[in-house]
Amino acid sequence: MAGFPPESVDLIITTHLHTDHVGWNTRLDGGDWVPVFPNARYLTSRTEWEYWAGTEMEEARLQMFRDSVHPVRDNGQYDLVDVSDHGSEVAPGVRLVPAPGHTPGQVAVELPGGERRALITGDSIRHPVQLSHPHIGSCVDIDSAQALRTRHRILDGLADSYALLLGTHFPQPTAGTVRSENGRYRLAPEAAAPSVCHPPPGQPGQLNRESTNLKSN
């Protein structure tokens with residue numbers, strides 16, 4: 001946890017309700033699954049929640065909801081956000097913006113910042129190759145045509161600016177700027193500078209590269 005106890009975390013953003021984005025929500029305590037962050041609000045979009053609530057799911061996905069989603073809901077920690085077309089602020093300097101296609105209610109996370117803004121992709125852009133070939137989708141995209149439109153919108157909005165693109169699934173370096181080149185886009189990577197963590201007293205310090213690993217699933 002980079003020196004931060006789970007009790008100190010107060011906001012978890014779930015970009016969408018797929019296994020690899022909610023599997024960190026809970027931990028086993030005895031024989032029960034309980035929220036990892038007992039004092040946090042867990043956010044996701046209302047559209048995302050209502051889609052899965054009305055979908056007939058296979059057993060593996062049902063088990064994922066029982067393990068990683070329902071314990072948070074049952075503990076009263078899940079907040080559903082009505083995300084507007086122009087985005088919705090959920091904390092100072094943190095906005096959820098619609099990024100549908102991969103799932104109907106997926107969001108990206110915008111950090112407006114002061115001098116520089118950043119956008120965490122969720123699974124709207126899963127790999128840097130999709131910048132130059134945005135038509136390449138994922139086999140688990142629920143609406144591939146909508147996912148393509150979302151990628152184009154995101155890339156058009158970031159192209160040739162100073163804004164950072166933070167790819168949730170990108171290999172290191174996970175951050176970069178979007179550059180247009182010969183009718184296509186490419187990622188100009190930015191290496192994350194090491195920062196010193198401040199662990200609890202009595203534990204040795206360590207260097208980490210978490211400057212682009214924000215707690216957004």
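Higher on the page you've got the structure.
Because the structure is a prediction, the values reported are computed rather than measured. (Residues numbered from 1 in each chain as written. Predicted model: local features only at pLDDT ≥ 70, side-chain atom pairs only at ≥ 80, totals over all residues. Heavy atoms only, no water.)

J.: What should I look at first to understand the sheet that holds strand E5 (residues 78-81) in this one?
T.: Strand order across the open sheet formed by 3 strands is E1-E4-E5, with parallel pairing between neighbours. Two strands lie at the open edges of the sheet, namely strand E1 (11-13) and E5, each paired on one side alone. Averaged over all adjacent pairs, the angle separating strand axes in this sheet is 30°, with direction ignored. Bridge count between E1 and strand E4 (residues 41-45): 3 bridges; the pairing is parallel. Within E4, the residue paired with Ile12 across the bridge is Tyr42. Where helix H2 (residues 46-53) meets the sheet, its contacts fall on E4 and E5, and the angle it forms with E4 comes to roughly 75°. (Pairing = 2+ DSSP bridges. Helix = DSSP H or I, 4+ residues; strand = E, 2+ residues; numbered from the N terminus. Axes fitted to C-alpha atoms, helices over the stretch in contact; angles between N-to-C directions. Contact = heavy atoms within 4.5 Å.)

J.: It is not clear to me how H2 should be interpreted in this structure. Could you clarify?
T.: Side chains that are three or four residues apart share a direction in an α-helix, a result of its 3.6 residues per turn. Of the positions making up H2, those classed as buried are Glu48, Trp49 and Trp52. Along H2, the residues classed as buried sweep out an arc of 95° about the axis, all on the same side. Residues of H2 that are exposed and point over 90 degrees away from its buried face: Glu50 and Ala53. On its buried face, H2 sits against E4, helix H3 (59-68), helix H4 (70-74) and E5. (Buried < 20%, exposed > 50% of the residue type's maximum accessible area, 1.4 Å probe, protein only. Arc of directions from axis to C-beta.)

J.: Would you mind showing me how to read the pattern of salt bridges here?
T.: Here the idea is simple: oppositely charged side chains can pair when their charged atoms come close. Overall, the coordinates contain 10 salt bridges when judged by the stated rule. With a shortest N-O distance of 2.4 Å, Glu59 and Arg66 are connected by a salt bridge. Here Glu59 falls in the partly exposed class, since its relative accessible area comes to 48%. On the accessibility criterion, Arg66 (37% relative accessible area) is partly exposed. (Salt bridge = Lys/Arg side-chain N within 4 Å of Asp/Glu carboxyl O.)

J.: Help me understand the sheet that holds strand E8 (residues 107-111), please; the structure alone is not making it clear to me.
T.: For sheets, the rule is that strands pair by backbone hydrogen bonds, running either parallel or antiparallel. In space, the 7 strands of this open sheet follow the order E6-E7-E8-E9-E10-E11-E12, with mixed pairing throughout. Only two strands of the sheet have a single neighbouring strand rather than two, namely strand E6 (88-91) and strand E12 (184-190). Taken over all neighbouring pairs, the strand axes of this sheet differ in orientation by 35° on average, direction set aside. Looking at chain direction, strand E7 (residues 94-98) and E8 are connected through 4 bridges and run antiparallel. Paired with Leu96 across the strands is Val109, a residue of E8.

J.: Looking at this structure, I do not really get the packing of aromatic side chains. What am I missing?
T.: Any aromatic ring pair is given by two values, namely how distant the centres are and how the planes are angled relative to each other. Following the criterion strictly, the structure yields 4 aromatic pairs and no others. Both rings, one in Tyr51 and one in Trp52, keep their centres 4.9 Å apart while their planes meet at 80°; by these two values the pair is edge-to-face. You can call Tyr51 partly exposed: its relative accessible area is 28%. Looking at Trp52, the relative accessible area reads 5%, which means it is buried. Chaining the aromatic ring pairs together yields one cluster made of Tyr42, Trp49 and Tyr78. In this arrangement the basic side chain of Arg116 is found over the ring face of Tyr162, its NZ or CZ atom lying 3.7 Å from the centre. (Phe/Tyr/Trp six-rings, centres within 6.5 Å; stacked < 30°, edge-to-face > 60°. Lys NZ or Arg CZ within 6 Å of the ring centre and 35° of its normal.)

Keep in mind that these numbers describe shape and distance, not what the molecule does.
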